[in-house]
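# Structural characterization, general
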Amino acid sequence: MRILVCIKRVPAPGARINVTPDGLAVDSTQLGFATSPHEECALEGAVQLVEQHGGEVTALTVGPEEAEEQLRYAASVGAHAGVLIPTDGSAWDPQRTAKVIIEAVRILEAEGGRFDLVMFGNESADSGGSQVGVRVAHALGRPAVNGVKGIDIDHESVTLRREIDGGFEVYQLPQPAVIGVKEGLNLPRYPTMKGRLASKKIELRHVALDAEPGGQTLVKLHRPPEVVSNTVILGEGPESAAAVVDILEELGVL
Amino acid sequence: MLLVVLEHDRGEMAEGAREALTFARPLAARLGVELHAALIGSGDSDLVAEAGRHGVATVHVVRHEILSDYGPEAVGSALAELIDEVDPAAVLACATDRGNETMAYAAACLDLPLVTNCVDVAPGDPWEITRMQWGGSLLENVGLVSDRPLLTCGLHVVASEPGDHVEAAVEEFEPDLDESLARSIVRDRVVLTQGVTLPTAQVVCGGGRGVGSAEGFAILDELAAELGGVVGCSRAVTNLGWRPHKDQVGQTGTRIAPEVYIASGISGAIQHWVGAMSSKHILAINTDRDANIVAKADWAVIADLHEVIPAITTEIRHRHPSPNPNPNPNQGA
């Protein structure tokens, strides 16, 4: 199998996020960076599929030079090749991002053959536009399903599970297909020492591509007002149970 | 007109559709246009009637033989054709899995921008939109230049409310869909849980790293059962393998909106908070008075959850000895 996984370098989730004075970017001076969580699961899923069925995983990212760090991380957990489409580090809108990925897929497929699967995270942790994978699929004439938490390959098709309230839906797509993965597909592995060493030597490829910006323009990032509640402390031990149950009764849930 | 996508599953309206209609009404008024709805793959009269109760003047019923069930390509393409046909001023869906996916397909078909997860929308030139980044822990002001704005409103940004009741008219539309789009229609469904689930529960008992182990969740399971609720957890807990990912509340898990969220042993890291912030009430149980979740809660008990939760369960059983016959009084209200 040939699998392309599209990943994004984002500030490490969980950190407090501050904005630069001009409001146009996240202030990254105090932040560590990581691969967006859904995409980390997409990458793990791709590596597992290739371990089972043979083949090769290519990781691709659209981002600043520093995003090489995420491509090397991908290599350290099993990706065979890494491709960077360099940007100046500014945030690209979803249409622009999709257009360069579509072009990159065409170039990589012309050289190395068709990707049986192109995998994305369901949405990036930061901008969360939830659309790049679908735009790429549509332009390539391939089916796509988002929100995927289960993948099985069967010959020429791929069976996907997507979580719904109380269970899951099953889709069966012909290959080649595009998949938007959600966290929960797997628990991504940590790199081994051997993987780390190998990833340092891997040659990352830069493909210079750009496209016209789309209709959506970032004006300003800002933090929502902090939620501060006048928290009522009901007590400091199990004797608070009566007060808790009083409240549950008042709320009508008992 | 402002066109709202009525998300449904085989004729059952999704709560997100009601939220989208609630979000759309003031926007339609601001635009000075009628509120219309797109009902794709169903012509169910109950759905049409409910759309009317939400102030929808006309429901565009979109039917085609391959639209027998949901499929992102088929539904998205049908929506794109309807948009070309009826020429709306803007199109809105709710930012659910299906809502974002359907709109992304329509946007791809029409080669138009799509602004997802909006919290505030002001028409103009450009449209001035506020949308969520990082699941809502950061907001982004966006300028949108588009002949036809395509938008999704963030899940639980508004609570659904009916509008001024109108008798909705029905307009039929049959799109010209390529048979090949049937390839991505839902093939099957597997039901794992009957009854109350995390996205719809009125009571969620959440546990974090402070619970200590997978086995430690037994006391939360017991309490949730007494309350007719469900157990949720933090990302730390799913990463440790203590609970399945479907139980995760947060940016990369489920966004909940229960009547009360009981958060035990959870610090309230930002990625968890954005999944829990639409809860109507929050009760925190934590040994750390300075935990984020305590500052944001309505009530808190500063104590060890391993002592407090069994005491709460015991107190409930003492006051309500028989099993609770009606655990979700707000459902169906």
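These notes cover the structure that comes with them. (Residues numbered from 1 in each chain as written. Chains lettered and ligands numbered in written order. Predicted model: local features only at pLDDT ≥ 70, side-chain atom pairs only at ≥ 80, totals over all residues. Heavy atoms only, no water.)

A word on the overall build of chain A. Across its full length, chain A holds six helices and 13 strands. The long-range share in chain A, meaning contacts at least 24 apart out of those at least 6 apart in sequence, stands at 71%. Element-wise, carbon and sulfur atoms account for 52% of the exposed surface of chain A, whose accessible area totals about 10700 Å². If you average the places of the 23 positive and of the 35 negative side-chain charges in chain A, the two averages end up 7 Å apart. (Helix = DSSP H or I, 4+ residues; strand = E, 2+ residues; numbered from the N terminus. Contact = heavy atoms within 4.5 Å. Areas by Shrake-Rupley, 256 points an atom, 1.4 Å probe, with all protein chains shown as cover. Lys, Arg positive; Asp, Glu negative; His and termini not counted. Charge placed at Lys NZ, Arg CZ, Asp CG, Glu CD.)

Counted under the stated rule, the structure contains 36 salt bridges over all chains. Taking the shortest distance from any N to any O, the salt bridge between glutamate 44 of chain A and arginine 189 of chain A comes out at 2.8 Å. Note that glutamate 44 of chain A is positioned in helix α1 (residues 37-53) and arginine 189 of chain A in the loop between β10 (177-181) and α5 (193-201), a separation of 145 residues in sequence. For aspartate 247 of chain B, the salt bridge goes to lysine 246 of chain B, with nearest N and O atoms at 3.3 Å. Residue classification places aspartate 247 of chain B among the buried residues on the basis of a relative accessible area of 7%. Judged by relative accessible area, which is 36%, lysine 246 of chain B ranks as partly exposed. Each of Arg162 and Glu169 of chain A together with Asp9, Arg10, Asp69, Arg98, Glu101 and Arg189 of chain B takes part in one network of salt bridges that share partners. (Salt bridge = Lys/Arg side-chain N within 4 Å of Asp/Glu carboxyl O. Buried < 20%, exposed > 50% of the residue type's maximum accessible area, 1.4 Å probe, protein only.)

Moving on, we come to the nonpolar core. Residues Leu60, Ile101, Leu117, Met119 and Ile151 of chain A are the most contacted members of the largest nonpolar core, which totals 95 residues. Sort the elements by how many residues they give to this core and helix α3 (residues 72-86) of chain B lands first, with eight residues. Excluding anything up to four places from it in sequence, isoleucine 151 of chain A contacts Leu49, Met119, Val158, Thr159, Leu160, Arg161, Ile179, Val181 and Leu185 of chain A. In terms of nonpolar packing, the next biggest core, distinct from the first, is built from 34 residues, Leu6, Met13, Ala28 and Ala168 of chain B among them. (Core = buried A, V, L, I, M, F, W, Y, C linked by side-chain atoms within 4.5 Å.)

Turning next to the pairing of strand β17 (residues 299-302) of chain B. Residue and element names in this part refer to chain B. The alternating pattern of β17 places Trp299 and Val301 and Ala300 and Ile302 on opposite faces, both of which are buried. Two strands pair when backbone bridges link them, and strand β16 (residues 281-286) and β17 are joined in this way by four bridges, in the parallel orientation. By the bridge assignment for β17, alanine 284 is matched with alanine 300. (Pairing = 2+ DSSP bridges.)

Scanning all chains against the criterion turns up zero aromatic pairs over all chains. Above the plane of the ring of tryptophan 92 of chain A lies arginine 96 of chain A, whose end atom (NZ or CZ) is 4.1 Å from the centre. (Phe/Tyr/Trp six-rings, centres within 6.5 Å; stacked < 30°, edge-to-face > 60°. Lys NZ or Arg CZ within 6 Å of the ring centre and 35° of its normal.)

This part covers the sheet that holds strand β5 (residues 81-86) of chain A. The 10 strands are arranged β11(A)-β5(A)-β4(A)-β1(A)-β6(A)-β10(A)-β7(A)-β8(A)-β9(A)-β12(B) in an open sheet whose pairing can be described as mixed. Every other strand in the sheet has two partners, leaving β11 (205-206) of chain A together with β12 (188-191) of chain B as the edge strands with one partner each. Relative to β11 of chain A, β5 of chain A is paired through two bridges, and the arrangement is parallel. Bridged to leucine 84 of chain A within β11 of chain A is histidine 206 of chain A.

Take empty space enclosed by the protein next. Unoccupied space between atoms shows up once a probe the size of one water molecule is rolled over them. Summed over all chains, the structure comprises two cavities of 30 Å³ or more. Approximately 50 Å³ is the volume attributed to the largest cavity. Lining the largest cavity are Pro13, Pro37 and Ala125 of chain A together with Trp134, Arg235, Gln251, Thr252 and Gln271 of chain B. Quantified by volume, the second largest cavity comes out at close to 40 Å³. Lining the second largest cavity are Glu40, Leu43, Glu44, Tyr73, Val77, Pro188 and Arg189 of chain A. Taken together, the residues that form the lining of the second largest cavity break down as four nonpolar, no polar and three charged. (1 Å grid on protein atoms, 1.4 Å probe; cavity = no way out; pocket = protein on both sides within 12 Å on 5 of 7 lines; lining within 4 Å. Points joined across faces, edges and corners; volume = space filled by probe spheres on them. Nonpolar A, V, L, I, M, F, W, Y, C, P; charged D, E, K, R; others polar.)

With 91 residues of chain B at the interface, the matching set in chain A holds 85 residues. Both faces considered, chain B and chain A share a buried interface measuring about 7100 Å² in area, 56% of it formed by carbon and sulfur atoms. Where chain B touches chain A, the interface holds seven salt bridges. Between glutamate 183 of chain A and arginine 235 of chain B there is a salt bridge; the shortest N-O distance is 2.8 Å. Looking at the side of chain B that touches chain A, the element that brings in the most residues is helix α4 (residues 97-110) of chain B, giving nine residues. Its residues assigned to classes, the side of chain B that touches chain A shows 45 nonpolar, 24 polar and 22 charged. Looking at chain direction, strand β9 (residues 167-174) of chain A and β12 of chain B are connected through four bridges and run antiparallel. (Buried area = accessible area lost by both parts, 1.4 Å probe.)

Now for the sheet that holds strand β13 (residues 203-207) of chain B. Spatially, β13(A)-β17(B)-β16(B)-β15(B)-β13(B)-β14(B) is the arrangement adopted by the six strands of the open sheet, whose pairing is parallel. Only two strands of the sheet have a single partner each, and these edge strands are β13 (232-235) of chain A together with β14 (230-233) of chain B. Here the strands of the sheet are splayed against their neighbours by 25° on average, with no regard to which way each runs. Alignment of strand β15 (residues 260-264) of chain B against β16 of chain B, held across five bridges, turns out to be parallel. From the neighbouring strand, tyrosine 261 of chain B faces β16 of chain B, where its bridge partner is isoleucine 282 of chain B. Strand contacts of helix α5 (residues 218-226) of chain B: β13, β14 and β15 of chain B, with the helix running at about 175° to β13 of chain B, the strand carrying the most contacts. (Axes fitted to C-alpha atoms, helices over the stretch in contact; angles between N-to-C directions.)

What follows covers the pairing of β13 of chain B. All names here are of chain B. Of all the five residues making up β13, five are buried; the element is thus mostly covered by neighbouring parts of the structure. Here β13 shows no split at all, with Val203, Cys205 and Gly207 on one side and Val204 and Gly206 on the other all buried. Where β13 and β15 come together, five bridges link them in parallel fashion. Note that in β15 the partner of glycine 206 across the bridge is alanine 263. Remark: the β13/α5/β14 crossover connection has right-handed handedness. (Right-handed = clockwise from strand over helix to strand, strands pointing away.)

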